[in-house]
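Results of the structural survey
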Amino acid sequence: MLDETPVGDLLHLSTQTRQLFIKAVQALRRPYGVGDLHALDTLSTFMTCVLAKRYTNPSSDIIEVLAGLDQIDTVFGDFVAALEGLIRNGRGPGVECCPHGVGHAQDKRQPADGQEPQQQQQQQPKGKSNCTYTADLQQRAVELALAVSSGAYQTSLLTYFIQRDLFPAIIGCIQSQSSLETSGDETRITRPFMLLGLLANYNKFEFQNPYQMRLNDFVNERVIKDIVKGVGKTCQKLRDQYIDVQEDLPEGWTLANTLNKIGLGAIAPGGKPPPKPVYDADTAKRMFAELPGEEAAVLLATYDFSHANKLFSLELVTGAPRSEKGEDSPFANFISLTSYLLQHAHLSQRTTLYCHLNLMVFRLLIEDPVLCKRMCSDESKVPVRLCRQRSPYLPLVRSERVIATAVMDTMIDAINHNLRRRLDVGLYTLCVGILLRIISYMSRSRTRLQYHWADLFRSLLSLIRFLTTYASDLKGLSHINTLLDHVVNLLALGLSAGETFLPTPAAYDDLFYKVVETGEVLVKFRDTYGLANRASNSIDTLVSVSVHYKEMLGTDGSKAAKGKRTGGQLTSLQVAEVIKQGYETLSIQAKEGLDSWEKYREADERTLLKKMGRQAVGDVGVLISR
């Protein structure tokens, strides 16, 4: 009924709406029976409908509907105080945790065989910590707070949540929800975490948001572990939504698969699995464009915690390795989801925003030398499922791998699958910048990883070809110069310091081969963008290497080519031999500081983070209204 009521009529009914709101708040503050639970449900529906309407003057009109200007401080203050108490610990002191013991009904069971009655009595005493009614109260109070936060995000009402400081209550809710034996649902952890993300982002660039300060100081390791696990499970659920549209992992050999293929599935162990639906290209594209699900709003809080809290970042990277049940680690799930998001980033602005958000998390983690060292070490090895829903494909890795190599694969896939004339310069700058930071660390620490380096350098040179071909469309894009410098300097770092991080001489030779092969494109690239006139890149290093070998390959007296020409051309093996010999006369004059980079500053991403905040608010609103 409220959904169909016009705004004007709703304002005329303000006397009735105020009475409803005040009575419901009173039911929260002085519960009788299950009245508080019903009041939460009523308020969730009421606030969702009221806040979703388009008002001429949102703040003043909503205040008029709820309490009136002269009473709003008292009434809405009582509402927020009641919510805080319910979120923190359910019903207040002096009130039974649940009516008639309904929250402990599962404890009223017969003693197990061989168990003495005395042992039954020694079970955990009844209280709020193991009361399912209290847990439900907390969860519904969180959902009501989410409904108000998302619906009133652009109004002055949210200042009541800022002034009250719900941070301790939200953390208490997460702690009690995670300790409840019946809590197998990750939303009991992630919904309060989402609320924290919305509140921490409210006007955080306009004033000193107290929730941001709380994130900095938070050190409860147990709660952080629970949050990270909840984020990991949510990422896995969001990733699986993509897989439900298109299965992208080649089936490994099993006896059951073989029997099914030859028509003997009836005798296969476990029977024949139900076939997954296969969608045509247009249908799949439309379904992909609607992903990820609204639960992705949890990624905003993940970013904020990663930016503000070192302990959270450490737990995200190192915590909860692959379990005995076969569950992937939270960070593996985070990387996996990001790879699926990036392959479909071009389908919607919403997906693109979540891609940027996750990439900023990667950047923050990699800029921490302790975490980067961990990600590049064998101790970090975990299996990671990466997206293979669009070609070209990188080599499939099913086994455990160093986590940094999975991150690099994710960046390469993003570079390969998002080339457009309207290039997302910010996304590409993040991806190439992350690769630059990882390889800079590896170069300084002389860390050598087994990796398909040829694919990485091939993708970077393909990006240079694209930038050269479509220069007329790209030259005027904002911050394009930063992207150009990152690409050039990363390749120059490989040429000048490749022996410090490439695992074999063959990998080093292959990089030179690819640069020589792209020589003409590099010269055109330099001239098109005027790179020689800017001191911030090392384009001369790439061009000089190409020219050096071009002269060797074109000289009749070259030792490698002498007597081996076939139709005036050298084979690839002969070119590789020339490259090896050319090291003796090659002098690489690379600029200093190729392995340096600017540290992340949140203020630089202010516009994007504001857009991301609005998107997360919208997703939470849709999630709660269902």
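Not measured: the values here are computed from a predicted model.

Reading the values: the criteria
Residues numbered from 1 in each chain as written. Predicted model: local features only at pLDDT ≥ 70, side-chain atom pairs only at ≥ 80, totals over all residues. Heavy atoms only, no water. Helix = DSSP H or I, 4+ residues; strand = E, 2+ residues; numbered from the N terminus. Buried < 20%, exposed > 50% of the residue type's maximum accessible area, 1.4 Å probe, protein only. Contact = heavy atoms within 4.5 Å. Areas by Shrake-Rupley, 256 points an atom, 1.4 Å probe, with all protein chains shown as cover. 1 Å grid on protein atoms, 1.4 Å probe; cavity = no way out; pocket = protein on both sides within 12 Å on 5 of 7 lines; lining within 4 Å. Points joined across faces, edges and corners; volume = space filled by probe spheres on them. Axes fitted to C-alpha atoms, helices over the stretch in contact; angles between N-to-C directions. Parallel < 35°, antiparallel > 145°, perpendicular 65-115°, else oblique. Left-handed = near helix turned anticlockwise from the far one by under 90°. Nonpolar A, V, L, I, M, F, W, Y, C, P; charged D, E, K, R; others polar. Expected span 1.5 Å × (residues − 1). pLDDT = per-residue confidence, 0-100. Salt bridge = Lys/Arg side-chain N within 4 Å of Asp/Glu carboxyl O.

Let's shift gears to the overall build of the protein chain. Tallying secondary structure elements over the protein chain gives 29 helices and zero strands in all. Out of the 626 residues belonging to the protein chain, those deemed buried represent 53%. Here the analysis covers contacts within the protein chain between residues at least 6 apart in sequence; of these, 79% occur between residues at least 24 apart. Split by element, the accessible area of the protein chain, about 29,000 Å² in all, is 51% carbon and sulfur.

Moving on: empty space enclosed by the protein. Taken as a whole and assessed by the stated rule, the structure comprises two cavities of 30 Å³ or more. The computed volume of the largest cavity comes to approximately 40 Å³. If you go around the largest cavity, the residues you meet are Glu186, Thr187, Thr190, Arg191, Met194, Thr234, Lys237 and Glu295. With four residues, helix 10 (residues 187–201) is the largest single contributor of residues to the lining of the largest cavity. Its volume calculated, the second largest cavity comes out at about 30 Å³. Lining the second largest cavity are Lys128, Ser129, Cys131, Thr134, Ala135, Gln138, Ser176 and Leu180. At three residues, the largest contribution of residues to the lining of the second largest cavity is made by helix 7 (residues 132–151).

All right, on to the packing of helix 3 (residues 35–52) against helix 7 then. Running from N to C, helix 3 and helix 7 cross one another at 15°; their axes reach a closest spacing of 9 Å. Put simply, helix 3 runs roughly parallel to helix 7. Here the hand of the crossing between helix 3 and helix 7 comes out left-handed. Listed contacts from helix 7 to Asp36, Leu37, Leu40, Asp41, Leu43, Ser44, Met47, Thr48 and Leu51 of helix 3 are Tyr133, Asp136, Leu137, Arg140, Ala141, Leu144, Ala147, Val148 and Gly151. Considering only residue class, the contact of helix 3 with helix 7 consists of eleven nonpolar, three polar and four charged.

This part takes up helix 29 (residues 606–625). In this model, helix 29 (20 residues) spans 29 Å end to end at C-alpha, consistent with the 28 Å of a helix rising 1.5 Å per residue. Within helix 29, burial applies to Leu608, Leu609, Met612, Gly613, Ala616, Val617, Asp619, Val620, Leu623 and Ile624. At its buried positions, helix 29 is contacted by helix 7, helix 10, helix 15 (298–308) and helix 18 (349–366).

Further remarks concern the packing of helix 20 (residues 403–417) against helix 21 (residues 425–445). Running from amino to carboxyl end, helix 20 crosses helix 21 at an angle of 150°, the nearest separation of the two axes being 9 Å. Judged by the angle between their axes, helix 20 and helix 21 are roughly antiparallel. Both helix 20 and helix 21 take part in a crossing whose hand is left-handed. On helix 21, the residues touching Ala404, Val407, Met408, Met411, Ala414 and Ile415 of helix 20 are Tyr428, Cys431, Val432, Ile434, Leu435 and Ile438. Across the contact of helix 20 with helix 21, the residue classes break down as twelve nonpolar, no polar and no charged.

Estimated volume of the largest pocket: approximately 1,400 Å³. Taken together, 47 residues make up the lining of the largest pocket; nearest its centre are Val425, Gly426, Thr429, His479 and Glu605. Secondary structure elements with two or more residues in the lining of the largest pocket: helix 18, helix 21, helix 24 (480–497) and helix 29. Top element by residues in the lining of the largest pocket is helix 21. It accounts for nine residues. Split into classes, the residues belonging to the lining of the largest pocket amount to 14 nonpolar, 18 polar and 15 charged. The volume enclosed by the second largest pocket comes to roughly 450 Å³. As for the second largest pocket, its lining consists of 21 residues, of which Leu51, Ala52, Lys53, Ser150 and Gly151 are closest to the centre.

All right, on to the confidence of the model for the protein chain then. Model confidence for the protein chain is summarised by a mean pLDDT of 88, while 88% of its residues fall at 70 or above. Here residues 556–567 scores under 50 on pLDDT; set against residues more than four positions off or in separate chains, the count is ten contacts.

Compared with an ideal rise of 1.5 Å per residue, which puts 15 residues at 21 Å, helix 20 spans 21 Å between its outermost C-alpha atoms and is within 8% of the ideal. Most of helix 20 is tucked away, with 14 of its 15 residues classed as buried.

Another point: the pattern of salt bridges. This model, assessed by the stated rule, comprises 33 salt bridges. Note that Arg91 is salt-bridged to Asp36, the shortest N-O span being 2.7 Å. Note that Arg91 is positioned in the loop between helix 5 (72–89) and helix 6 (117–121) and Asp36 in helix 3, a separation of 55 residues in sequence. The exposure class assigned to Arg91 is buried, which follows from its relative accessible area of 4%. Residue Arg626 pairs with Glu294 through a salt bridge whose shortest N-O separation is 3.1 Å. Taken together, the positions of Arg626 in the segment after helix 29 and Glu294 in the loop between helix 14 (281–289) and helix 15 put the pair 332 residues apart, joining distant regions of the chain. Owing to a relative accessible area of 68%, Arg626 belongs among the exposed residues under this scheme. Owing to a relative accessible area of 14%, Glu294 belongs among the buried residues under this scheme. What emerges from the salt-bridge pattern is a single network uniting Glu84, Arg88 and Arg164.

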